[in-house]
Amino acid sequence: ADATQDEAEDVLVDFYAPWCGHCRKFEPQYKALARKLKHVKSLKIMKIDATRNEVEDVTIMGYPTVVLFPAGAKPKKQVVYHGSRQPEDMTKWLHEHCSIKFDSTPPARASG
């Protein structure tokens, strides 16, 4: 099954190429974003090696290409991210484009 097409989840995908320098530079920021939002159950953040996987219906003009597949009926629409690669900016953008609203602040852990 194509994980990007899960109708119940917003799915953010980093389509990358292993040889791409920009992708390697972006990776720590993307990982930071994933860590920052890992409590958001409605949002799946993943990476796909676009050189090894047949990516249907996605036009990749360069690497990395970051695409959001908002929750909803298939075929899901695609929103390509063109902004700054800082986790804060990406989070703001996700708030605007995800179908399912989320709180980017993780729930407080009960102390003790």
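Here the structure is a predicted model, which means the values were calculated and not measured.

Trainee: Sorry, what's going on with the sheet that holds strand β3 (residues 65–69) here?
Mentor: Working definition: the strands of a sheet are paired by backbone hydrogen bonds and lie parallel or antiparallel to each other. A sheet is described by the order of its strands in space; here four strands give the open sequence β2-β1-β3-β4, paired in mixed fashion. Both outer strands of the open sheet, β2 (43–49) and β4 (79–81), are each paired with one neighbouring strand and no more. The mean angle between the axes of side-by-side strands here comes to 25°, regardless of whether they run parallel or antiparallel. Bridge count between strand β1 (residues 10–16) and β2: seven bridges; the pairing is parallel. Among the inter-strand pairings, Y16 is bridged to a residue of β2, identified as D49. Relative to the sheet, helix α2 (residues 87–97) contacts β1, β2, β3 and β4, its axis offset from that of β4 by approximately 165°.

Trainee: Would you mind showing me how to read the packing of aromatic side chains here?
Mentor: The description of two aromatic rings rests on the distance between their centres and on the angle between their planes. Evaluated as defined, the whole model comprises four aromatic pairs. Taking the centre distance of 6.5 Å and the plane angle of 75° together, the rings of F15 and F69 count as edge-to-face. Linking F15 in strand β1 with F69 in strand β3, this pair joins segments that are 54 residues apart in sequence. The exposure class of F15 is buried, given its relative accessible area of 1%. Seen from their ring centres, F26 and Y30 are 5.3 Å apart, and the 50° between their planes marks the pair as tilted. Here F26 and its partner Y30 are both found in helix α1 (residues 21–36), four residues apart, which amounts to about one turn of the helix. Taken individually, F26 and Y30 each receive the classification buried, so the pair is uniform in this respect.

Trainee: Just checking my understanding: could you explain the layout of surface pockets for this structure?
Mentor: Picture a little ball the size of a water molecule; that probe, rolled over the atoms, points out where space is still empty. By volume, the largest pocket amounts to about 190 Å³. Considering the residues around the largest pocket, the lining is formed by T59, M61, G62, P64, T65, V66, V80, Y81, H82, G83 and R85. Secondary structure elements with two or more residues in the lining of the largest pocket: β3 and β4. For the lining of the largest pocket, the per-class residue count stands at five nonpolar, five polar and one charged. Taken together, D2, T4, F15, I48, N53, E54, V55, E56, V58 and F69 make up the full set of residues lining the second largest pocket. Among the residues forming the lining of the second largest pocket, the class breakdown is five nonpolar, two polar and three charged.

What counts, and where the lines are drawn
- Residues numbered from 1 in each chain as written.
- Predicted model: local features only at pLDDT ≥ 70, side-chain atom pairs only at ≥ 80, totals over all residues.
- Heavy atoms only, no water.
- Pairing = 2+ DSSP bridges.
- Helix = DSSP H or I, 4+ residues; strand = E, 2+ residues; numbered from the N terminus.
- Axes fitted to C-alpha atoms, helices over the stretch in contact; angles between N-to-C directions.
- Contact = heavy atoms within 4.5 Å.
- Phe/Tyr/Trp six-rings, centres within 6.5 Å; stacked < 30°, edge-to-face > 60°.
- Buried < 20%, exposed > 50% of the residue type's maximum accessible area, 1.4 Å probe, protein only.
- 1 Å grid on protein atoms, 1.4 Å probe; cavity = no way out; pocket = protein on both sides within 12 Å on 5 of 7 lines; lining within 4 Å.
- Points joined across faces, edges and corners; volume = space filled by probe spheres on them.
- Nonpolar A, V, L, I, M, F, W, Y, C, P; charged D, E, K, R; others polar.

From the geometry alone we can't say anything about function, so treat these as descriptive.
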